[in-house]
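An overview of the molecular structure
Here is how the chains run, residue by residue.
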Amino acid sequence: MPVEFFQAPSGTRVRQSFDSPTVYLDHWAIRLFSDDIALQDRLVAALLGKGGTLLLSMISLGEFAGPSDPQHVDDAEAFIERLLPNIYLTDFAFDKVLDREHLEADNSTRFWPSADLPQLKLLSERPQNPPLGVTMQGFIRMSYENREVIGQMMKGLVQQIAGGIKDARADPSYISKAKMVKPDDTRPRTHVIIGELMREYYLNPGLPIKENDIVDMLHAAMPINCCDYVLLDGAWEERVAKMKKRVEKNGSHMPLAKCFSRRNDGVRSFLSDLEAFDQQSLLKPALPY
């Protein structure tokens, strides 16, 4: 059970687990499944039927601080409510996963994404839905109600990452390394994935660094590493496909999420694959970090 309450000597505690099949939805995909009830019904039936998990990130929740129509927030809450308690909250703390990856001999082992314990605590302390133990009602709305503060935090994070990319572009030695680096097992999984996803920006100094691109990169990096399925923007699905080809070409057996977008009827292809998911197909299940 992904979110579960249990009794401990100190009282009632809450924990979460990351049970396959694990799914991550970019912001547009959450909106799509929130609006299209037929698609939503298929996703809910498949994920709950197979005991899977929806990964929710602080970036996912933070983006709901942006929409001007609060109905989008209410629709998203209603959608995710149907998946409870099969969710896992992550803070996208790459360093925590990297600590485990550094101890591995190669990149064949996947680890759970880092847990967002403050968000989990907040979720568990709010009014409860007795059949499920938790409720999403009003949870995402808190992001919308605090959109000014969250918007500034998101902007600051994006600017920090964009500044790092600009600094790297100005360093000839870094660009030379980016051209020569191979996505193999000499570096941990997280470094390989982020490096490959951002490689185009380092090798093409004229490519604009847009705010949405930084957010999309964050949506991609850890979910691609940890999940079974990820829905991304079309351009980032292409980057993931290129990365997988380079990884395979360099002889690494690094398992990565299956990636889909809206292109080529990707949403329905994702749902069909999820509905056919077989636990036996997971040669290397994700392990707790």
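The structure this text deals with has already been given above.
These remarks concern the structure in this document. Sequence order sets the numbering: in each chain, residues are counted from 1 along the sequence as written. Given that this is a predicted model, residues contribute local features only at a pLDDT of at least 70 and side-chain atom pairs are listed and counted only at 80 or more, while totals for whole chains, interfaces and linings are drawn from all residues. With hydrogens and water excluded, all non-hydrogen atoms of the structure serve as input to the side-chain values.

Some words on the pairing of strand β3 (residues 22–25)
- Note on classification: 1.4 Å probe, protein chains only; a residue is buried when its accessible area is under 20% of the maximum for its type, exposed when over 50%, partly exposed between these limits. Under the scheme used here, helices are H or I runs from DSSP no shorter than 4 residues and strands are E runs no shorter than 2 residues, and both carry numbers assigned from the N terminus. Every second residue of β3 is oriented toward a common face, with T22 and Y24 on one face and V23 and L25 on the other, all of them buried.
- A strand pair is defined by DSSP finding two or more bridges across the two strands. Strand direction decides the pairing type here: β3 and strand β4 (residues 53–57), joined by three bridges, are parallel. Within β4, the residue paired with Y24 across the bridge is L55.
- Two strands pair when backbone bridges link them, and β3 and strand β6 (residues 229–231) are joined in this way by three bridges, in the parallel orientation. The partner of Y24 across the bridge, within β6, is V230.

Remarks on unusual backbone geometry
- Going from S20 to P21, the amide bond is cis rather than trans, its omega being 0°.
- Following the sequence through the fold, P21 ends up in the loop between β2 (11–16) and β3.
- L84 connects to P85 through a cis peptide bond whose omega is 5°.
- The topology assignment puts P85 in the loop between α4 (71–81) and β5 (87–90).
- Even without a glycine there, the phi angle at F92 is positive, about 55°.
- Positionally, F92 belongs in the loop between β5 and α5 (94–101).
- Judged by its relative accessible area of 8%, F92 falls in the buried class.

Describing the sheet that holds β3
- The strand order across the open sheet built from five strands is β5-β4-β3-β6-β7, with neighbouring strands paired in parallel fashion. Strand pairing shows two members of the sheet lacking a second neighbour, β5 and β7 (258–260), which therefore form its edges. On average, each strand axis in the sheet is inclined to that of its neighbour by 25°, with strand direction left out of account.
- Where β4 lies against β5, four bridges are found, and the strand directions are parallel. Following the sheet pairing, L54 is matched in β5 by I87. Between N-to-C directions, angles cover 0 to 180 degrees, with each direction set by a line fitted to C-alpha atoms, over the stretch in contact for helices.

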